[in-house]
Number of protein chains: 2
Amino acid sequence: MSKKPAPLSRLSCCGGERIMAALKGKWCTETYRDTALSFRIKKKLYAKKSGFQMVEVYETEKHGNLMALDGCYMVSEAEEFVYHDMLAHVPLFAHPNPRNVLVIGGGDGGTVREVMRHKGVTNIDFVEIDPDVYEVSKRYFPALVKGLEADKRVKFKFGDGIKFVKAARSEYDVILIDGTDPSEIAGGLFGAEFFKDVHRALKPDGIMCMQSEDPWYDLDIIKGVQTRLKKIFKKAGLYLAYIPIYPSGMWSFSIASKRYAPSETRNKKSKIKKFRYYTPALHKAAFELPQFVKDGIK
Amino acid sequence: MSKKPAPLSRLSCCGGERIMAALKGKWCTETYRDTALSFRIKKKLYAKKSGFQMVEVYETEKHGNLMALDGCYMVSEAEEFVYHDMLAHVPLFAHPNPRNVLVIGGGDGGTVREVMRHKGVTNIDFVEIDPDVYEVSKRYFPALVKGLEADKRVKFKFGDGIKFVKAARSEYDVILIDGTDPSEIAGGLFGAEFFKDVHRALKPDGIMCMQSEDPWYDLDIIKGVQTRLKKIFKKAGLYLAYIPIYPSGMWSFSIASKRYAPSETRNKKSKIKKFRYYTPALHKAAFELPQFVKDGIK
């Protein structure tokens, strides 16, 4: 048995049918697989259907501004550093000398922002399908897009990342896939055909990395991704990070490489001094999976 | 930006004032520091005020039976192995030869069950303040209490763990503190006086371990615990585990030792073959903290 909250600021904890009484005031809620995660909000800042999805932004009490796409939390000001540190820096430090990088998705800008911190990187192709997400991020998440438009290395290419990758040949050192869940808009980002295209788009020592859902409720999805990656790439691995706005709080990243073991750091050129989540020791440690995850992806 | 759910079984995701519409059906909810975590339930199985706290049990869709004390989730059938593996096995493998073990709290039985798996352990004093918690666990969480009453090493001592420790002198190899949050009933379990009593109750090479809240919303509590432990013990450390029913999903354990560095495994006698969460590699990896946690406990 375990423990929880300090009682002082605790709202009346409650159960069952008392949910409505407990959640007085305004909250945003994501429901997922018979669970729901809610944040108390100050107000709703934005809600509009783009050409691709419903885009919403809330001002929350605990997580700053929070963006949801089609009702699913994507990013908040408070926790964005975890996701962006771990999606960008693990592959960029696993590669000895990343120069040409492709980011698919990541319309909020945070992943590109972290890639930009690697001074050796000379080009970043940034392919987001939904320009509205970037515009909303500029307005409500200024820290995520900071410096992006001023950095000449960043090439904005709004469009379909799947088509974009299909046309690329042995060009990239690192490809980061920062899409949403495997639904209509992003489902293709989890398939073998796309992974083959990514493999072809990478240089002979290239590395790809993508978010791959949570091991608590979606271990089958992760196993599928890992199985496909292992067939196509020489090396594949899985690592985890704590993301409090995603289902279960336990999130996975799938990484695959044409040459290098991705759990090792070998980039000595990117002399980044200060991270908020990533550390070189954590790079390796994040690959040490709990037994049930190891069993689940076998 | 990131991703979420596979859409098929997704309930209508929603935000703000639409929460009530989204959470149709019966749910249990814990609210904590402007966040709320809900699980869809089949039914409420039990709700009764014990001599110490409100004890509730729900049958949930995703987590099996789930116990809440004073409205805070304590343990569910689905995730209990994480907490119990990590609270019991990290200190019991950090110690070279644990024989006499004290468990304070842990009335659901799960921690004692994991301690019992160490064959070298010859005595387990089990001091839970609330006998109703154990009775409820026997009824609704049979896997947690399995074998406890048949194992002659287990000495049930229902009563106040703080008083119990005060009377002990250099007796224990390992003390596990499995209390609730630092509220009225368990607040004393986080204080310097209690830690001094624990220190005195341990043998000269003894190790203690306790749950110590989550780094997202309660980093100040963790820093306080770590600061106090470092003053009293020769070695102190912090490690993390993913617990999907606790706030943020990121949970911490504080461990302190009179002699040994707790991140190393040195117990060669406990030949346990199969874990569900713990692994020897994860033992060490769980101590590799994200940068914001390292900064926060400095």
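Residues numbered from 1 in each chain as written. Chains lettered and ligands numbered in written order. Predicted model: local features only at pLDDT ≥ 70, side-chain atom pairs only at ≥ 80, totals over all residues. Heavy atoms only, no water.

A. Region of interest: helix 7 (residues 192-201) of chain A. Residues and elements named next belong to chain A. Among the residues of helix 7, Phe-194, Phe-195, Asp-197, Val-198 and Ala-201 are the ones counted as buried. Looking down the long axis of helix 7, one finds its buried residues gathered within 160° of arc, a one-sided arrangement. Buried residues belonging to helix 7 abut strand 6 (100-105), helix 6 (161-166), strand 9 (172-178), strand 10 (202-211) and helix 8 (219-232). (Buried < 20%, exposed > 50% of the residue type's maximum accessible area, 1.4 Å probe, protein only. Helix = DSSP H or I, 4+ residues; strand = E, 2+ residues; numbered from the N terminus. Arc of directions from axis to C-beta. Contact = heavy atoms within 4.5 Å.)

B. View of the environment of B:Cys209. Residue and element names in this part refer to chain B. In this fold, Cys-209 is placed in strand 10 (residues 202-211). In this structure, the C-alpha to C-alpha distance between Cys-209 and Pro-91, residues 118 residues apart in sequence, is 6.5 Å. In contact with Cys-209, other than residues within four places in its own chain, are Leu-87, Pro-91, Ile-175, Leu-176, Ile-177, Tyr-239, Phe-253, Ser-254 and Ile-255.

C. Broad picture of the packing of helix 7 of chain A against helix 8 of chain A. All names here are of chain A. At a minimum axis separation of 10 Å, helix 7 and helix 8 run at an interaxial angle of 40°. Classified by the angle between their axes, helix 7 and helix 8 sit oblique to one another. Helix 7 and helix 8 meet at a crossing whose hand is right-handed. Of the residues in helix 8, those in contact with Ala-192, Phe-195, Lys-196 and His-199 of helix 7 are Val-225, Arg-228, Leu-229 and Ile-232. Classifying every residue of the contact of helix 7 with helix 8 by side-chain character gives five nonpolar, one polar and two charged. (Axes fitted to C-alpha atoms, helices over the stretch in contact; angles between N-to-C directions. Parallel < 35°, antiparallel > 145°, perpendicular 65-115°, else oblique. Left-handed = near helix turned anticlockwise from the far one by under 90°. Nonpolar A, V, L, I, M, F, W, Y, C, P; charged D, E, K, R; others polar.)

D. Region of interest: helix 4 (residues 131-140) of chain B. Residue and element names in this part refer to chain B. Looking only at helix 4, the buried set comprises Val-133, Tyr-134, Val-136, Ser-137 and Tyr-140. Angularly, the buried residues of helix 4 cover 165° about the axis, an arc narrow enough to put them on a single face. Looking at the packing, one finds that the buried side of helix 4 touches strand 2 (35-49), strand 3 (54-60), strand 4 (65-69), strand 7 (123-127), helix 5 (142-145) and strand 8 (154-156).

Honestly, it's all geometry; don't read function into it.
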